[in-house]
Amino acid sequence: MTDIEKYILRIADTTLILSQRLSEWCSKGPSLEEDIALSNISLDLLGQANGLLEYVSKLNGEISPDEYAFKRDEREFYNFQICEIENGHFGDTIIRQFLIDIYFKLYYQELEKSKDETLSALATKSLKEVSYHLRHSSNWVIRLGDGTQESKDKIQKSLNNIWKYTGEFFEMDELDKKMLKEKIGVNNKTLKKDWDKLVDETLIKAKLKRPEDGYMMTGSRKGIHTEMLGKILSEMQYLPRAYPDAKW
Amino acid sequence: MQNGKIDKIWQILGSVPDPEIPVISVVELGVIRDVQLIKNEYVISVTPTYSGCPAVKTFQDDIKEQLKINNINNFKIEIVYKPAWTTDWMTQETKEKLRDYGISPPEKNASCPQCKSKEIELISEFGATACKSMYKCNDCLEPFEHFKCI
Ligand SMILES: [Zn+2]
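Residues numbered from 1 in each chain as written. Chains lettered and ligands numbered in written order. Predicted model: local features only at pLDDT ≥ 70, side-chain atom pairs only at ≥ 80, totals over all residues. Heavy atoms only, no water.

## Details of unusual backbone geometry
All names here are of chain B. At the junction of Lys82 and Pro83, the peptide bond is cis and its omega measures out at -5 degrees in the coordinates. With respect to the helices and strands, the residue Pro83 is situated in the loop between β3 (75-79) and α4 (92-101). One non-glycine residue with positive phi stands out, namely Lys39, at about 50 degrees. Tracing the backbone shows Lys39 in the loop between β1 (32-38) and β2 (41-46). For Lys39, a relative accessible area of 80% puts it in the exposed group. Positive phi outside glycine occurs at Lys116, with the angle close to 70 degrees. Note on placement: Lys116 falls in the loop between β4 (103-104) and β5 (120-124). Look at Lys116 and you get exposed, because its relative accessible area is 52%. (Helix = DSSP H or I, 4+ residues; strand = E, 2+ residues; numbered from the N terminus. Buried < 20%, exposed > 50% of the residue type's maximum accessible area, 1.4 Å probe, protein only.)

Here it is in structure tokens:
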């Protein structure tokens, strides 16, 4: 696998696994509108993953987009661990989405400047979608944070629990540095300042307390995950693995 | 001769309806970006509305079918992402078709497609398809779909 293939797989896997997680809300949303909203967001992310996997597949020349999604094992996935964590209650899902929507927005804004034309085009397209997702998630953070005592307590707890998964957004390993040097990739470190600012703006409106940056989960860039990824993959990959030639 | 054929292809594409909003064609939707003859093959450039919109696959199949019915077989469909699709490409005429169909078209100051009232309220930022949100009219009390500006 070349460097750029691996780099793109990281973004592709992050959108793919988050999409798979969100799709679990389909038919189980707290209201019909939210059921539709979370399913729509999931679908947008699946489309983004598809565009990226098609591009990796084209660069690779041998592995199909479906094979990337369905034939790799846990250690070959590079999605952020935040995508794997369980949906929990609606507030947990909203916080996870809010924190990652801001990251996506800032990341895609930078990726848009990539000298790789396909990546830049995919970033422009995705940026429009994630900006809309962010409007939805931040409105809910404000509604729940500035809602009843119970909704406030619950979502503050969600925020405190999920915070430790946000450190991965801003890591720079050797591959990130190399891609940045080649003007293909993004400087993740510099995203942190704007991310903090955007997070704070909404948390203030929501009257929520921003957690301290303490211990942060890490490892996904090396294919290290929480135990939850295996469960996601066993569901996502079951059919194409059990019936390899199955067609709709 | 070849230009005539390209015009003919545009005409055929103009008859392929959007699978989810059949009152407008895929050309009016703005997803057909170009038709070109490259080495004896007509290349039809298509851009997705939303990355995950399931209709993208459907209208590609519809396009293939219509071209074949019209005896055009030397073509291929190419997906392009740049420039990203925007509702700004929709003409006023297309927007009026949406309104007549009961969907409030993509414009900044949305109004009720039934009674034209501006007294409307957002019910949900997402709707039955990726491209629409849900509103309610506070005058005639009818709920309606709004085509999101993107
Ligand atoms: Zn009305």
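## Examining the sheet that holds β1 of chain B
Residues and elements named next belong to chain B. Ordered by their spatial adjacency, three strands build an open sheet running β1-β2-β3, and the pairing between neighbours is mixed. On the outer flanks of this sheet lie β1 and β3, each paired with one strand and no other. Pairwise comparison of adjacent strand axes, ignoring direction, gives a mean angle of 20 degrees for this sheet. Pairing of β2 with β3, which is carried by five bridges, proceeds in the parallel orientation. Across the sheet, Ile44 pairs through a bridge with Ile77, a residue of β3. Here helix α3 (residues 55-69) sits on the sheet in contact with β1, β2 and β3, set at roughly 160 degrees to β3. (Pairing = 2+ DSSP bridges. Axes fitted to C-alpha atoms, helices over the stretch in contact; angles between N-to-C directions. Contact = heavy atoms within 4.5 Å.)

## So, the sheet that holds β4 of chain B
Pairing in this open sheet of four strands is mixed, and the strands run β4-β7-β6-β5 (chain B) from one edge to the other. Both outer strands of the open sheet, β4 and β5 of chain B, are each paired with one neighbouring strand and no more.

## Considering the domain arrangement of chain B
Residues and elements named next belong to chain B. Along its sequence, chain B is organised into domain 1 (2-85) and domain 2 (90-147). Relative to domain 2, the C-alpha centre of domain 1 lies at a distance of 27 Å. If you look at the interface, domain 1 gives nine residues, while domain 2 gives 11 residues. Ranking the residues of domain 1 by area buried against domain 2 places Ile21, Val23 and Glu28 at the top, with a combined share of 49%. Of the charged contacts, one joins Lys97 and Glu28 as a salt bridge, the two residues approaching to 2.5 Å between their closest N and O atoms. The tally of links from domain 1 across to domain 2 stands at one residue pair in polar contact (both at pLDDT 80 or more). The residue inventory of the side of domain 1 that touches domain 2, partitioned by class, reads seven nonpolar, no polar and two charged. (Domains from an automatic or database assignment. Buried area = accessible area lost by both parts, 1.4 Å probe. Salt bridge = Lys/Arg side-chain N within 4 Å of Asp/Glu carboxyl O. Polar contact = N/O pair within 3.5 Å; in protein donor to acceptor, adjacent residues only side chain to side chain. Nonpolar A, V, L, I, M, F, W, Y, C, P; charged D, E, K, R; others polar.)

## Some thoughts on α4 of chain B
Residues and elements named next belong to chain B. Among the residues making up α4, those that are buried are Thr94, Lys95, Leu98 and Arg99. The arc that holds the buried residues of α4, viewed along the axis, is 145 degrees, so those residues lie on one side. In α4, the exposed positions that point more than 90 degrees away from the buried face belong to Glu93 and Asp100. Within two residues after α4, Gly102 carries a phi angle of roughly 100 degrees, on the positive side. (Arc of directions from axis to C-beta.)

## Quick word on a nonpolar patch on the surface
Judged by side-chain polarity, Tyr238, Leu239 and Tyr243 of chain A come together as a nonpolar surface patch covering roughly 360 Å² of accessible area. Position of Tyr238 of chain A relative to the elements: it lies in helix α10 (residues 238-242). (Patch = residues over 30% accessible without salt bridge, like charges linked within 9 Å, V, L, I, M, F, W, Y side chains within 5 Å. Areas by Shrake-Rupley, 256 points an atom, 1.4 Å probe, with all protein chains shown as cover.)

## Section: helix α4 (residues 90-111) of chain A
Since there are 3.6 residues in each turn of an α-helix, residues three or four apart along the chain are aligned in direction. Look at α4 of chain A: 30 Å from first C-alpha to last across 22 residues, which is about the 32 Å you get at 1.5 Å a residue. With 19 of 22 residues buried, α4 of chain A is to be regarded as a mostly interior element. (Expected span 1.5 Å × (residues − 1).)

## Notes on the packing of α4 of chain A against helix α5 (residues 117-145) of chain A
Residue and element names in this part refer to chain A. The interhelical angle for the contact between α4 and α5, taken along N-to-C directions, is 145 degrees, at an axis separation of 7 Å. For the crossing formed where α4 meets α5, the hand is left-handed. Here the contact of α4 with α5 is built from residues that sort into 16 nonpolar, 10 polar and two charged. (Left-handed = near helix turned anticlockwise from the far one by under 90°.)

## Focus: the pattern of salt bridges
Enumeration over the complete set of coordinates arrives at 24 salt bridges over all chains. Between Glu125 of chain B and Arg135 of chain A there is a salt bridge, with its nearest N and O atoms 3.6 Å apart. One end of the pair, Glu125 of chain B, is in the loop between β5 and β6 (132-137); the other, Arg135 of chain A, is in helix α5, on a second chain. Judged by its relative accessible area of 10%, Glu125 of chain B falls in the buried class. The partner of Asp196 of chain A in a salt bridge is Lys192 of chain A, and the shortest N-O contact between them spans 3.2 Å. Placement of the pair is Asp196 of chain A and Lys192 of chain A together in helix α8 (residues 191-205), with a separation of four residues, close to one helical turn.

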